[in-house]
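The primary structure of each chain is shown beneath.
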Amino acid sequence: VTNSESSPQPDLAALLEGLVAVEEAGRARLAGAQTVDALRLVTQEVLGKRSELAATNSQLRLLAVEDRPVLGQAVQQVRERLEVEADTRRAGLEAAERAARDRAEAMDLTEAAALAAAEATPLAATLPLPPLPGHRHLVTIVREELEDIFVGMGYQVAEGPEAETDWHNFEALNMPPNHPARGMFDTFYLNLGQPGSVVLRTHTSPVQIRLMETSAPPIYAVAPGRVYRRDTPDARHLAEFHQIEGLVVDRRISMGDLAGTIEAFTSAFFGPGRHSRLRPSFFPFTEPSAEFDVTCWVCAGEGCRTCSHSGWVELGGCGMVDPNVLQAVGIDPEQWSGFAFGFGIDRLAQARTDLSDMRALLDNDIRFISQF
Ligand code: PHE
């Protein structure tokens, strides 16, 4: 009964001897695996169902009853030792792979120190420096330039969240629920809280509200950041783009201050001889409202296809902060007045670099980014 009909009874001593060879071969194979992935395969082959170890184990049932525990224990001991071996090897390989990854991704901070040293001492400045890894994105470069211009005019740089409440994005900006002006913005609603109560901000104007809620006037601030609209991306539109908002609240601020500020910004950013003009328009949160144009960046005002032969291109919206908006944030419109403006940063980056398709800004291709 102990023997199968067809197989002859195996020899215990030969099996035990074979086991020694199985263990040795197993160890060698585990030690030879060069990656965590390779080790996983080898471990399967050495310890899995189709391994030689499993084959030896399957001989158990052919042995005499009294011999079975001897082989059984021997197999179990070999299995345990090989498992320990596999675990140790895996830990070693994982550590090595982690270290290699860390090395590849490391930022060499001594490069920054070397740069600082180069600026401090003319001698060091003559030494060649290794190139810094990575590159600022074109949109970041333009955004920082805009920030610098406004900081130079005494403005603070502010930020707000990209997931915004309906209150900040619309309602406090004089667009109550169902107000038709909400139709100016193709909105992404988020599945958070009450339906329709949280949106991906459609403009940077909600940062106006946050600024006025948290600080008392006088306020001089710009707020650059990412905004979202349910637009189909094409050469001149992205569903995810960047704006910069400006907000000034102080005593006796007038439309003249707004026009002068935009003119000062225009010549600082585009260069002397470049001008701006305001055209009447409508925004629910400013009254009066205007759109502002700047001297065409392609033809410098001569007239060309880009500006439809007018010499001007439209850049953004602006106006005097509506008294309703001041009231919504508890600022007394009898004492304070202000202006606001907003425009797209990606458009500026596109104009500046003659970029024919805006979607390149999202491609995350270092070869594109490195050109700027
Ligand atoms: N938020 C407006 C837009 O995105 C622009 C704007 C900002 C208009 C500030 C007036 C004042 O179209």
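Quick look at the structure, then.

Reading the values: the criteria
- Residues numbered from 1 in each chain as written.
- Predicted model: local features only at pLDDT ≥ 70, side-chain atom pairs only at ≥ 80, totals over all residues.
- Heavy atoms only, no water.
- Pairing = 2+ DSSP bridges.
- Helix = DSSP H or I, 4+ residues; strand = E, 2+ residues; numbered from the N terminus.
- Phe/Tyr/Trp six-rings, centres within 6.5 Å; stacked < 30°, edge-to-face > 60°.
- Buried < 20%, exposed > 50% of the residue type's maximum accessible area, 1.4 Å probe, protein only.
- Lys NZ or Arg CZ within 6 Å of the ring centre and 35° of its normal.

Okay, the sheet that holds strand β3 (residues 188-189) next. Taken in spatial order, the three strands line up as β2-β4-β3 in an open sheet, and their pairing is antiparallel. With partners counted over all chains shown, the strands left at the sheet margins are β2 (163-165) and β3, one partner each. Bridging between β3 and strand β4 (residues 198-200) involves two bridges; their strand directions are antiparallel. If you follow F188 over to β4, its bridge partner there is L200.

Pairing is mixed in the open sheet, where seven strands are placed in the order β1-β5-β6-β10-β9-β8-β7. Among the strands making up the open sheet, the edge pair consists of β1 (156-157) and β7 (276-283). Strand direction decides the pairing type here: strand β8 (residues 286-295) and strand β9 (residues 312-321), joined by eight bridges, are antiparallel. By the bridge assignment for β9, V294 is matched with V313.

Attention shifts here to the packing of aromatic side chains. The full count for this structure, using the stated rule, is 14 aromatic pairs. Centre to centre, the rings of F170 and F185 are 6.1 Å apart; their planes meet at 55 degrees, and the pair counts as tilted. Pair noted here: F170 is in the loop between α8 (166-169) and β3 and F185 is in the loop between α8 and β3, with a separation of 15 residues, a long-range link. We classify F170 as buried; its relative accessible area is 0%. Chaining the aromatic ring pairs together yields one cluster made of F150, Y155, Y220, F265, F269, F270, F292, W297, F339, F341 and F343. Across from the ring centre of W336, 4.1 Å away, lies the NZ or CZ of R251, which sits over that ring.

Nothing here speaks to function; it is geometry throughout.
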